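An overview of the molecular structure
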Amino acid sequence: MRKYIVAGNWKMNNDLTETQSLLKALKHETNSGNAQVIVAPTYVNLYPAIEVLKDSDIIVAAQNMHQNASGAFTGEISAAMLKGIGVTTVILGHSERRAYFYESDELLAQKVDTALSNDMRVIFCFGEELADRQSGNHEKIVESQLRNALFHLSANQWSKIVLAYEPVWAIGTGETASPEQAQDMHAFIRKVVGGKYDATTADNVTILYGGSVKPANAKEIFSKPDVDGGLIGGAALKAQDFFEIVNAF
Ligand code: PGA
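Description of the structure in this document. (Residues numbered from 1 in each chain as written. Predicted model: local features only at pLDDT ≥ 70, side-chain atom pairs only at ≥ 80, totals over all residues. Heavy atoms only, no water.)

1. Focus: the side chain of S56
With respect to the secondary-structure elements, S56 resides in the loop between α2 (46-52) and β3 (59-62). In this structure the side chain of S56 is engaged in a polar contact, spanning 2.9 Å, whose partner is the backbone nitrogen of I58. (Helix = DSSP H or I, 4+ residues; strand = E, 2+ residues; numbered from the N terminus. Polar contact = N/O pair within 3.5 Å; in protein donor to acceptor, adjacent residues only side chain to side chain.)

2. Quick word on helix α8 (residues 179-196)
Here α8 contains 18 residues, and its C-alpha end-to-end distance of 26 Å stays within 8% of the 26 Å for a straight helix at 1.5 Å per residue. Taken together, the buried positions of α8 are occupied by P179, A182, Q183, M185, H186, F188, I189, R190, V192 and V193. (Expected span 1.5 Å × (residues − 1). Buried < 20%, exposed > 50% of the residue type's maximum accessible area, 1.4 Å probe, protein only.)

3. Focus: the pattern of salt bridges
Overall, the coordinates contain 14 salt bridges when judged by the stated rule. One salt bridge in this structure joins D203 and R2, with 2.9 Å as the shortest N-O distance. Of this pair, D203 sits in helix α9 (residues 199-204) while R2 sits in the segment before β1 (5-9), placing them 201 residues apart in sequence. D203 gets classed as partly exposed once you look at its relative accessible area, which sits at 41%. E128 is paired through a salt bridge with R133; the nearest N and O atoms lie 2.9 Å apart. Relative accessible area serves as the criterion here: at 0%, E128 is assigned to the buried category. Within the structure, one salt-bridge network assembled from shared partners comprises R2, R190, D203, D226 and D228. (Salt bridge = Lys/Arg side-chain N within 4 Å of Asp/Glu carboxyl O.)

4. Points about the packing of aromatic side chains
The tally for this structure, following the rule as stated, stands at 8 aromatic pairs. Measuring from ring centre to ring centre gives 6.2 Å for F151 and W158, while their planes differ by 50 degrees; the resulting arrangement is tilted. F151 sits in the buried class, given a relative accessible area of 12%. Judged by centre distance (5.7 Å) and plane angle (85 degrees), the rings of F151 and Y197 are edge-to-face. One end of the pair, F151, is in the loop between α7 (138-150) and β6 (161-165); the other, Y197, is in the loop between α8 and α9, and 46 residues separate them in sequence. As far as the burial class goes, F151 and Y197 line up, both buried. (Phe/Tyr/Trp six-rings, centres within 6.5 Å; stacked < 30°, edge-to-face > 60°.)

Encoded structure:
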């Protein structure tokens, strides 16, 4: 069964004190209702986040993870380290990881395999750049990102995959895909997954939209039949805004 999810990607924001106070506010205000609520603070604040959220339904996710199990990879974090503190969901392939840290589809395929072999759930981000959209190549790009990073998986493994379609031109820009553009792309993604696998896999996969989702536009975007929630950046940093987006379901 497809799940509705609203996930906050905090990126490199919020120190320890800010993390604790934002989570305390969310814990009191957020009635998860129809949607599962996820927050992704930075690594050093994952464990404190888990402590604050102990008696709540809000799930804590990591923003990234290394593909290797352990070893000489200075500055990196492994799946086992995340699982050791109780983190079992990881965001992979965010466009900022792709752009600033040169993460390719091929590397992401390895990270996905590592996450799944550790029984973790993956929120897999992908999406086209502005030039792709302008040249009409957006569907081709999105399809190739899926094919290169995820289509080696078995249909069974897709139960641990959440897709997050995030057009790069809409991330942190205030520019949002229109609800129709989001719906069209999500329907296309579902069709591509169905073509590679089967109708059940396609129907069951949760597809989030990301890119300047705000309280003012969340309801309309989430009302589209193939949009199963959102990955929220900027608006996840304010308790009231995030709370309103969660409640848009
Ligand atoms: P934004 O970020 O909501 O600030 O556009 C979304 C994301 O990067 O996941």
